[in-house]
Each structure stands twice: as C-alpha cells, then as structure tokens.
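Remarks on the overall topology
So you can see what is in the structure, the chains are spelled out below.
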Amino acid sequence: MGLYLFRRLYQAIIVFLVVSGIVFSILHISGDPLALLMPPDAPPSDVEEMRKTLGLDKPLIIQYALFLKNAAQGNLGVSYHHGQPALKLVLERLPASLELVVTTIIISLILALPIGVLAASRRGSMIDRVSLLGSLIGISAPPFWIGIAFIFIFSVELQWLPSSGRGTWAHLVLPATSLALYRLALFIRLIRAGMLDVMTMDFIRTARSKGVSEKKVIYKHALKNTLIPFVTIAGMQMGSLLAGAIVTEKVFAWPGMGRLFLEAIGVMDFPVIIAWALVTATIFLTLNFIVDIIYVYLDPRIRHEK
Amino acid sequence: MSVLPRTITTAIAKEPYNPPRARFWFFEYIPAERQLLHSFLTNKLVLVALAMLIGLVFIAIFAPWIAPVDPLEQILRARLKPPIWDERGASPFYLGTDRLGRDVLSNIIFGLRISLLVGFFSVGISMIIGVILGLIAGYARGFWESFIMRAVDVQLSLPLIMVALCFMVIFGQGLWKMIIVLAITGWAEYARTVRGTVLSIREKEYVEAAHALGFGPWTIMVKYMLINAITPVLVLSAVQIPRVIMLEATLSFLGLGVPVNTPSIGLAIARGYQVLFSGSWWASIFPGLALMLLVACINIIADWLRDALEPRSREQV
C-alpha cells in the first residue's frame, strides 16, 4: 500500500515538473518577455540592465531552475496588468471557482446516483429508456451553449434568475446547473453501466440464492461495489471541472479563476497565465492523490498488496 | 456458443452471462461482421443517427452549393433578422442573421465543415501517433515501453482542456494549429489501448510461430498485432471524435481556436451570445443545436459500435 501511494506521488511530481516546463516555455516561445515589460523606446543599455536584474541573460536551464525555486516560494512573478503578485490574484479568485465546481459536483452526484441505480435495476423500463436518451443528449450538448440557452429562458424571457455575477444563491443556480448537466449525464451512464456489470458477478448470485431481498442486493451489495471505481472518476471530473468551468465562468461573468485567465490572455499577462496553469494543475494532482488514498481504503485488494 | 446444442443455448440465453466490462480490450480479434450487421439492422436509433450523420457530412462537403449566402458576407441592411417564420424575417435568411448581418444557416453549414475537419483530422493524427507508439511499447518492452507509458501517464493525468488551452496560448490561433494541438492531446489513449492488445497476444503460439518462421518485428507488429488492435482502435476513435468536436467549439468560443474570420460553430455561438440580451436568441441557439445534433449522432453510433464490437460486452446488447 505504501509503495502504491509512493508511486502515485512520484508520478504526480513528474507531471508537475512537465506542466511547469510547458508553462515556463509559454514565456519564451511567445517572444522576448522584455519586449512586453519595457517601453518600446527604452534605450538598449536599460534593456540589458533589466535583462540582468531579471536573470534573463542566463542559460534557459538555469532560468528554469530559478523559476522552479521561485515557484516553490510562492513567487510566480508580478502581473503586468494589475501590478500585484500573480499567485495572489489567482488565489483570490479561487473560492469563487471552487464554489461553482463543488456545487456542480454535488448537484450531479445527488441526481445521478438514484437515476443510475433505478435505470440499472429496471433495465429496459421507461425510466431506463428516458434516462438513457436524456443522458445521451446531456453528453452531446456543449455546456457553454446550455448556459446560453438557460440565460435566454430564465433570465431574458422569464426573468426569474440573474444571468451574471456572484453573491446570492440565485446567482449560483444557472451556472451550476448548466455546468452540471454534462457531468450528470456522464455519471448516470457510468453508474448504470457499472451496476449492470456488478449485477452479473458471482457474489450477487450468492446473495440472491441466500434469500437476501432484492432491495438489499441492489443497495448493499451491488451499489457499494459500483461506487469503488466511480470514486476515481468523480474525483478526476472534479479536477477537470476546475479547468472546464472557464467557459461557464465566461458565459455567466462568474468572477472565478477562469475569467481571470481569459482576461490575462487578452492582455498577454503571462505571470497570471502561468499562475493559473500551475494552481489548476496542483489542485488537479492533489485531488487525484486524495482519490488514490480513498481508493486504497475502499478496495482491500490494493490495501493488502505488499 | 454455436457449437452448443440449441436447447442449451436457449437455456443460457434466458440468463445471459454478462461479464464485467473491461477497461482495455485484452481480447483477440473476433470477426464480428454478422453480429454487427444484425444488431445494426435491429437498432432503429442507430439507423436514424447514421442517416443523419451521412446527411450532415454531405451538407458539409457540398457547403458552397448548399449554403444560401456566403457565410462571411456582412449584409448590413439585414442585421439581426429573426428566422423566416417570424413576420420580420426575410427570404434568404432562413434561420436569421447575426449582429453583423451574417446568415446564421450558412454559418452553421460551413461550421459543420470545420467541426468535421477538426474532428476527423486530429483524431486521425492522434490515432497514427498513438498506434505506432503503442505497438512499440507493447512489442519492444524495456526502456521504450516505460518511457512511452510514463508519457501516457503524464498526458492522461492532466485535464484535456487545460493542456489544449496552454498550447493554444503558446502557438496562437489557427485551424491547423488547433488540429495539431488536439491531436497531441489525444494520442495517449490510443497508445494505452494498443499496448494492452499487444501485451495480450504477444505470447500466443501463432506469434511465436511467426517468430520461428523468421518474420521480422515490423511484419509481426503489422500483420498480427495491428490487426488485433483494429477493433479497439475503431471504438476509441468513435468516442474521441465527438470529444474533439466539442473541444474545438469550446476553444473557438473562448477565442482561442480558429481565427475570427473562419465560419466555426463555436465562433458563431460566441457572436450570438453578444446579442442574446437584446432578445436575438437565434444567432446563438441554432448553431448550438446543430452542433448538438452532430455530436449526438456520432455518440449514438459510438455507443452502438462499442457494444457490438467489444467482445466482452456484446452479450449486453
């Protein structure tokens, strides 16, 4: 078990190094950073001096090492546009993004569990067919377009809910539900398929032949075993939602990290772009690692592996 | 199953054996044409989806002849025209026009072109890269296997959209740039799938026999390994194409995909969104509906392909 977790941690560190390498190259592939930092009419001697003070005259590999060292100290540079530390700007926007992502995951889990279980236990019934068709539509509709359709129906036409901004729960309803539809559909399909697989296992037949009631078979034996692999997928979805929520944040003018990132792209504010990518990757990798730990506790086969 | 007497087969059929669905396809290639055709003809939804997909592909190919107006032409006297059934609608603009007087229907028709182009090309490129690397990883073992598989792990442990966004920031907008970026983000699953297939058959007698007969590694890789990997690769492609099409629309909607003067569905939705609050819903809703129709058709076919071709789950259909 310790070895398993160690391997996962080691892998996460490698991924982080790769991401930071890609992100670091954003600064250099996209042109000389000094061209953006200095006014165009600055004398060449000033430019050279600035190059020295920023360490940009050193070889790339040393610059990368410096970048990593600064990143480890939480220093990702100062935003060109806002004049504040980039990491601070991103972290200030983090709670808003997390609020959206967590609500989305909760909505999709609460709805997907009963629907998926019902569909699988009454295979071929009306519920099953409707949920299959509904989830097909759900995974085929682009989330940002669903958000736009929701705004038109509920904000422009009916005027029930606000279309932008953050504050009350009413602001959260439209972005969270439009973002949740895709995950909801995905989760329903996964739970249904997982349940159908588990229901054919030997231990289910054993439970049935022991005379365990069908309800208990479904909820105690089948559902529990379905949820073990599902935890991994739900955890990874939460991480990728953080990046995927960008579009929804744009549509609903939600003041999260994603919108900060889009604004930063618009004005070529590279420190903020880098800080966004590193924070997102870190959260994603941490979540994956937590999911691994949970998985070890849920699945005795891994726990007892030497 | 066919060797069993009929009575036993029907007895088994009453309680179908549904083995757990494998994440990889560790099984040999079983010619499945008969089952394929049968399940195809019995599934009306798939037939409808295929017919619609063929129709959409046809429309995309012959876009210049089908589209009523040039999609990029800005007809200023016809700005924000509602669809034709509205009393303010005008004749060539069947689904209305956007803020700049561009025809929504023509933009959708040309946008389908971009979506399908990006979907097929980038999935095709990632398939070629992934299949070659997967074959090498499964066949060569040793250093190259662990190197390729570590790269696969790195690729799969990051959110797709984040990787795509970072690359688009580095390289800038562009149709072919995006096709390449999306291809780079998609190769890993192919490599993993193909390696799984190769590992499952590399110790088989007929592969050893081929070795003994003196066939070279490339012949064995292509004639034995690749043939066995065709089915899972086909299923994976069917799942990947709608994903890539959605990602293209998302990136273009954010302004990080194709250039602004390209008739892409994502860009059309973005332009329509700007006039949504003035009540002009058609400019954003119709392009999205078209995209959804395209993606849903491919998803239906992908679901059916997976159920029909993936040997472990065939009994579930």
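Rules behind the numbers
- Position labels on residues start from 1 in each chain and follow its written sequence.
- Just so you know, chain letters begin at A and ligand numbers begin at 1, following the order they were written in.
- The model is predicted, so local features are restricted to residues of pLDDT at least 70 and side-chain atom pairs to those at 80 or more, both for listing and for counting; the totals for chains, interfaces and linings are taken over all residues.
- Under the DSSP-based scheme used, a helix requires at least four consecutive residues in state H or I and a strand at least two consecutive residues in state E, with every element numbered from the N terminus.
- With C-beta atoms placed from the backbone, a residue is labelled by how many other C-beta atoms lie within 10 Å of its own: buried for 20 or more, exposed for 12 or fewer, partly exposed between the two.
- Residue pairs qualify as contacts under a 7 Å threshold applied to their C-beta atoms, which are placed from the backbone.
- In this setup the radius of gyration rests on C-alpha atoms only. A globule is expected at 2.2 Å times the number of residues raised to 0.38.
- Each helix should span, by expectation, one fewer than its residue count multiplied by 1.5 Å.
- The reported bend at a residue is simply the angle between two axes, fitted to the 7 residues ending at it and to the 7 residues beginning with it.
- The term nonpolar core means buried Ala, Val, Leu, Ile, Met, Phe, Trp, Tyr and Cys residues held together as one set by C-beta atoms within 7 Å.
- Under the grouping applied here, Gly and all other residues not named as nonpolar or charged are polar, the nonpolar ones being Ala, Val, Leu, Ile, Met, Phe, Trp, Tyr, Cys and Pro and the charged ones Asp, Glu, Lys and Arg.
- Fitted lines through C-alpha atoms serve as axes, helices being fitted only where they are in contact, and the angles separating the N-to-C directions of these axes extend from 0 to 180 degrees.
- Every angle not falling under 35 degrees, over 145, or within 65 to 115 is termed oblique; those three ranges are roughly parallel, roughly antiparallel and roughly perpendicular.
- Definitions for this section: a left-handed crossing has its near helix turned counterclockwise from the far helix by less than a right angle. A right-handed crossing has that turn clockwise.
- Scored between 0 and 100, pLDDT is the confidence that the predictor attaches to each residue.

Broken down by element type, chain B carries 12 helices and 0 strands. Secondary structure elements in chain B, listed N-terminal to C-terminal, are α-α-α-α-α-α-α-α-α-α-α-α. Classification of the 317 residues of chain B by burial places 44% in the buried group. When contacts within chain B are restricted to residue pairs at least 6 apart in sequence, those whose partners lie at least 24 apart make up 73%.

The helix and strand tally for chain A stands at 13 helices and 0 strands. Start at the N end of chain A and walk to the C end: the helices and strands fall as α-α-α-α-α-α-α-α-α-α-α-α-α. Rg of the C-alpha trace for chain A: 24 Å, well past the compact-globule value of 19 Å for 306 residues, more than 25% over. Taken along the three principal axes of its C-alpha coordinates, chain A extends 85 × 60 × 30 Å. By the burial criterion, 37% of the 306 residues in chain A qualify as buried. For chain A, restricting intrachain contacts to residue pairs at least 6 apart in sequence, the fraction spanning at least 24 positions comes to 73%.

Between its first and last C-alpha, helix H5 (residues 86-121) of chain A extends 51 Å over 36 residues, near the 52 Å set by a 1.5 Å rise per residue. The largest bend in H5 of chain A amounts to roughly 35 degrees and is located at leucine 94 of chain A, with the proline proline 95 of chain A lying one to four residues further along.

Moving on, we come to the nonpolar core. Soluble globular proteins tend to pack their nonpolar side chains together in the buried interior. Among the nonpolar cores identified, the biggest contains 157 residues, and Val90, Ala275, Trp276 and Ala277 of chain A together with Ala164 of chain B are the most heavily contacted of them. The residues touching valine 90 of chain A, leaving out its near neighbours within four places in the chain, are Met257, Leu260, Val272, Ala275, Trp276 and Val279 of chain A.

On the chain A side, the residues contacting the 36 residues of chain B number 44 residues. In terms of residue count, helix H12 (residues 282-309) of chain B provides more of the side of chain B that touches chain A than any other element does, 9 residues in total. When grouped by side-chain class, the residues that make up the side of chain B that touches chain A number 26 nonpolar, 8 polar and 2 charged.

All names here are of chain A. The contact between helix H7 (residues 143-157) and helix H10 (residues 214-251) brings their axes to 9 Å, and the two run at 25 degrees. Overall, the two elements H7 and H10 adopt an arrangement that is roughly parallel. Crossing of H7 against H10: the hand is right-handed. Where H7 abuts H10, its residues Pro143, Phe144, Gly147 and Ile148 lie against Val247, Thr248 and Val251. The residue makeup of the contact of H7 with H10, split by class, is 5 nonpolar, 2 polar and no charged.

Predicted coordinates in regions of low pLDDT should not be interpreted in detail. Residue-level pLDDT values for chain A average 83, and 92% of them are 70 or greater. In the model of chain A, helix H2 (residues 33-37) of chain A stands out as the element of lowest mean pLDDT, 64, in contrast to H5 of chain A, which has the highest, 90.

On to unusual backbone geometry. Residues and elements named next belong to chain A. We note that glutamine 159 has phi near 55 degrees; this positive angle belongs to a residue other than glycine. Mapped onto the secondary structure, glutamine 159 falls in the loop between H7 and helix H8 (169-198). The class of glutamine 159 is exposed, set by 9 C-beta atoms lying within 10 Å. Positive phi is not limited to glycine here, since alanine 253 has a value of about 50 degrees. Here alanine 253 lies in the loop between H10 and helix H11 (257-266).

Residues and elements named next belong to chain B. Of the residues in chain B, 84% have a pLDDT of 70 or more, and the chain-wide mean is 80. For chain B, the element scoring lowest by mean pLDDT is helix H1 (residues 6-14), at 42; helix H5 (residues 104-140) scores highest, at 92. Low confidence marks residues 1-34, where pLDDT is under 50. Its contacts with residues over four positions away, or in another chain, come to 40 contacts. This stretch, residues 313-317, has a pLDDT under 50; its non-local contacts, to residues over four places away or in other chains, come to 14 contacts.

In a packed pair of helices, the relevant descriptors are the angle between the two axes and the axis-to-axis distance. All names here are of chain B. In the contact formed by helix H11 (residues 265-274) and H12, the axes pass within 7 Å of each other and the chain directions differ by 155 degrees. As the angle between them shows, H11 and H12 are arranged roughly antiparallel. As H11 runs across H12, the sense of the crossing is left-handed. Residues Ile265, Ala268, Ile269, Arg271, Gly272 and Tyr273 of H11 form the contact with H12, whose participating residues are Ala283, Ser284, Pro287, Gly288, Ala290 and Leu291. For the contact of H11 with H12, the residue count by class is 8 nonpolar, 3 polar and 1 charged.

Next up on the list: the environment of alanine 120 of chain A. Residues and elements named next belong to chain A. Following the sequence through the fold, alanine 120 ends up in helix H5. Take alanine 120: there are 25 C-beta atoms within 10 Å of it, and that puts it in the buried class. Along the backbone, alanine 120 and glycine 239 are 119 residues apart, and their C-alpha atoms lie at a distance of 27 Å. In this structure alanine 120 touches Arg192, Met195 and Leu196, once residues within four positions along its chain are discounted.

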